[in-house]
Amino acid sequence: MSTISQAEVPAAATGGREPVAYVRGNLRFFFNELRLVFFRRRNQLLLLVVVLFPLLIGIGLKLAAPHGGRGGGGPASGGAAFFNQLAGNGVFLTFIALSLLLILVLPVVIAVISGDSVAGEAGYGTLRYLLTVPAGRTRLLAVKYLAIVVWAVTATVIVSAVALVVGVILFPTGPVTLLSGTTVSLGAGLVRVLLVTLYVCAAMAALGAIGLAVSTFTEHAIGAIAAVMILVVASEVVDQIPQFAPVAPYLPTHWWNSFDSLLRTPVDTTTLWHGLLSFGVYAAVFCAIAWARFTSGDVTS
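Residues numbered from 1 in each chain as written. Predicted model: local features only at pLDDT ≥ 70, side-chain atom pairs only at ≥ 80, totals over all residues. Heavy atoms only, no water.

What to know about the side chain of K144
Just so we agree on the cut-off: Helix numbering and strand numbering both begin at the N terminus, where a helix is a DSSP run of H or I of at least 4 residues and a strand a DSSP run of E of at least 2. Polar contacts, as used here, are pairs of N or O atoms within 3.5 Å; protein pairs need one atom able to donate a hydrogen and one able to accept it. Residues neighboring in sequence count only if both atoms are side-chain atoms.
With respect to the element layout, K144 can be found in helix α8 (residues 136–170). Within the structure, the side chain of K144 is placed 3.1 Å from the side chain of E33, a separation counted as a polar contact.

Set out below in structure tokens:
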């Protein structure tokens, strides 16, 4: 009875290569995918749009704001609360920008990359060649999704950073009055900006998983992108209809704007955990769908 030595185990588990070489190969593959995503002219234009929107929103609100006006310090709710607070503190421009761009712009930015991830390769005829490298389809799909997540985080962070800088320049900045009426220090306010940004990153990562799964079902990137956007719009519309209230918490977009829980004292952690759980479930389910479809389907392109 033959045995496998300890030196042979890592090589067997990594396709016959040494573990260090295997890791380096995966990192090289991943960084190459990031280069393809971030250096494509179309995608760079998307990032430019992401930069311009918070800038235009800030300038527009500055021109529209009454001179010398300050936001009310009492409790407020809904999207209008962010606008009420903006005149008193520029930090709130970050929350306004995220709220407005979550309606359509950020989903489009994520849908374009995720919908194109596999379908685009199939459409260009390069998918078959990618699958000739060792480690196969699972590694390719994992790299694609990680690149989507990095893209989603980058786009969201850009929105937050640009909005914060523009808000600080155009509006007064100091202690932050939360939506519940409590005032916290500027440092504590910036921590909440970071937490809100991370929450939205999680939401966009979940949307990226949906786009990846859709992308494995077609060879037409435009069709995959359109399907993701139709799903987002349909979810947002259904979420606003009272008759569908029982199913609303299960919609992919329902918890996107629940980050306003971080802008109250005490923080509504129940709502936040529900949102994060929803994002995690959607990401896991649709990544599994993408894997099942991609690893079992025939690649003809």
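Focus on the nonpolar core
In plain terms, the rule: For the purposes of this section, nonpolar cores are sets of buried Ala, Val, Leu, Ile, Met, Phe, Trp, Tyr and Cys residues that join through side-chain atoms within 4.5 Å. Working definition: with a 1.4 Å probe on protein chains only, accessible area under 20% of the residue-type maximum means buried, over 50% means exposed, and in between means partly exposed. An automatic or database domain assignment supplies the start and end points of every domain. In what follows, a contact means two residues having at least one pair of non-hydrogen atoms within 4.5 Å.
Core analysis: the largest hydrophobic core is formed by 75 residues, its most contacted members being F95, L106, V109, W151, M204, W256 and F259. Among the secondary structure elements, those contributing two or more residues to this core are α2 (19–38), α3 (41–64), α5 (92–101), α6 (105–124), α8, α9 (186–215), α10 (221–239) and α11 (269–296). Of all the elements, α8 adds the most residues to this core, at 14 residues. Here this core spans two domains, and each of domain 1 (1–39) and domain 2 (45–296) adds at least three residues to it. Sequence-distant contacts of W256, that is, excluding residues within four places in its chain, are made with L102, P107, Y199, A203, M204, L207, V232, E236 and F279.

So, the pattern of salt bridges
Side-chain pairing between opposite charges can occur once the charged atoms of the two side chains come close. Basically, it comes down to this: By definition, a salt bridge exists where a carboxyl oxygen of Asp or Glu is found within 4 Å of a side-chain nitrogen of Lys or Arg.
According to the stated counting rule, one finds four salt bridges in the structure shown. When the shortest N-O distance is used, the salt bridge between K144 and E33 registers 3.1 Å. Of this pair, K144 sits in helix α8 while E33 sits in helix α2; the two residues are 111 residues apart in sequence, bridging distant segments of the chain. Look at K144 and you get buried, because its relative accessible area is 3%.

Some thoughts on a nonpolar patch on the surface
Selection criterion: Patches in this entry comprise residues that are over 30% relatively accessible and not in a salt bridge; like charges within 9 Å are linked, as are nonpolar side chains (Val, Leu, Ile, Met, Phe, Trp, Tyr) within 5 Å. Using a 1.4 Å probe, accessible areas were evaluated by the Shrake-Rupley method; residue-level cover was limited to the displayed protein chains.
On the surface, L100, I103, L104, V233, V237, I241, F244, V247 and Y250 cluster together into a nonpolar patch covering about 790 Å² of accessible area. Examined against the element boundaries, I103 turns out to sit in the loop between α5 and α6.

Some words on the packing of aromatic side chains
Using the following cut-off: When two rings of Phe, Tyr or Trp (its six-membered ring) have centres within 6.5 Å they constitute a pair, described as stacked for plane angles under 30 degrees, edge-to-face for angles over 60, and tilted for the intermediate range. To sit over a ring, a charge needs its Lys NZ or Arg CZ within 6 Å of the ring centre and within 35 degrees of the ring normal.
Counting across every chain of the model gives five aromatic pairs. When the ring of F30 is compared with that of F31, the centres are 5.6 Å apart and the planes differ by 45°; the resulting orientation is tilted. When the ring centre of F171 is taken as origin, the NZ or CZ atom of K62, which lies over that ring, is 5.4 Å away. The ring of F294 carries R137 above its face, with NZ or CZ at 5.9 Å from the centroid.

Side note on the side chain of N89
By the secondary structure assignment, N89 is in the loop between α4 (80–86) and α5. For N89, a relative accessible area of 3% puts it in the buried group. For N89, the side chain forms a polar contact with the main-chain nitrogen of V91, separated by 3.0 Å. With near-sequence residues (within four places) excluded, N89 lies in contact with P172, T173, G174, P175 and V176.

Structural notes on α11
Stated precisely, the cut-off is as follows: Here the expected length of a helix is defined as 1.5 Å per residue gap, with one fewer gap than residues.
Taking 1.5 Å of rise per residue, the 28 residues of α11 would be expected to cover 40 Å, and the 40 Å separating its terminal C-alpha atoms lies within 8% of that figure. Buried residues of α11: T271, L272, G275, S278, F279, Y282, A283, F286, A290 and F294, and no others.

Regarding unusual backbone geometry
For the bond running from T265 to P266, omega is 0°, close enough to zero to count as cis. Relative to the assigned elements, P266 resides in the loop between α10 and α11.

A short note on the packing of α5 against α8
As a reminder, the rule being used: Axes here refer to lines fitted to C-alpha atoms; in helices the fit is confined to the stretch in contact. Angles between the N-to-C directions go from 0 to 180 degrees. Working rule for angles: under 35 degrees goes down as roughly parallel, over 145 as roughly antiparallel, 65 to 115 as roughly perpendicular, anything else as oblique. Crossings are classed by handedness, with left-handed meaning an anticlockwise turn of the near helix from the far one by less than a right angle and right-handed meaning a clockwise turn. Residues were grouped as follows: Ala, Val, Leu, Ile, Met, Phe, Trp, Tyr, Cys and Pro as nonpolar; Asp, Glu, Lys and Arg as charged; and all remaining residues, including Gly, as polar.
Here α5 crosses α8 at 140°, and the two axes come no closer than 8 Å. It follows from the interaxial angle that α5 and α8 lie oblique. Seen from above, α5 lies across α8 with right-handed handedness. On the side of α5, the interface is formed by L93, T94, A97, L98 and L101, while α8 contributes T156, V159, S160, A163, L164, V166 and G167. Tallied by class, residues from the contact of α5 with α8 come to eight nonpolar, four polar and no charged.

Focus: the packing of α9 against α11
Viewed as axis vectors pointing N to C, α9 and α11 meet at an angle of 20°, and their least axial separation amounts to 8 Å. One way to sum up the angle between α9 and α11 is to call them roughly parallel. For α9 against α11, the interelement crossing comes out left-handed. Two secondary-structure elements touch here, α9 through Y199, A202, A203, A206, A209, I210, L212 and A213 and α11 through L272, G275, L276, F279, Y282, A283, F286, C287, I289 and A290. Partitioned by chemical class, the residues of the contact of α9 with α11 number 17 nonpolar, one polar and no charged.

Looking at the environment of F38
Within the secondary structure, F38 sits in helix α2. Separated by 75 residues in sequence, F38 and I113 have C-alpha atoms that sit 9.9 Å apart. Residues contacting F38, with those up to four places away along its chain left out, are Q44, L47, V150, W151 and T154.

Function-wise, these values are silent; they only describe arrangement.
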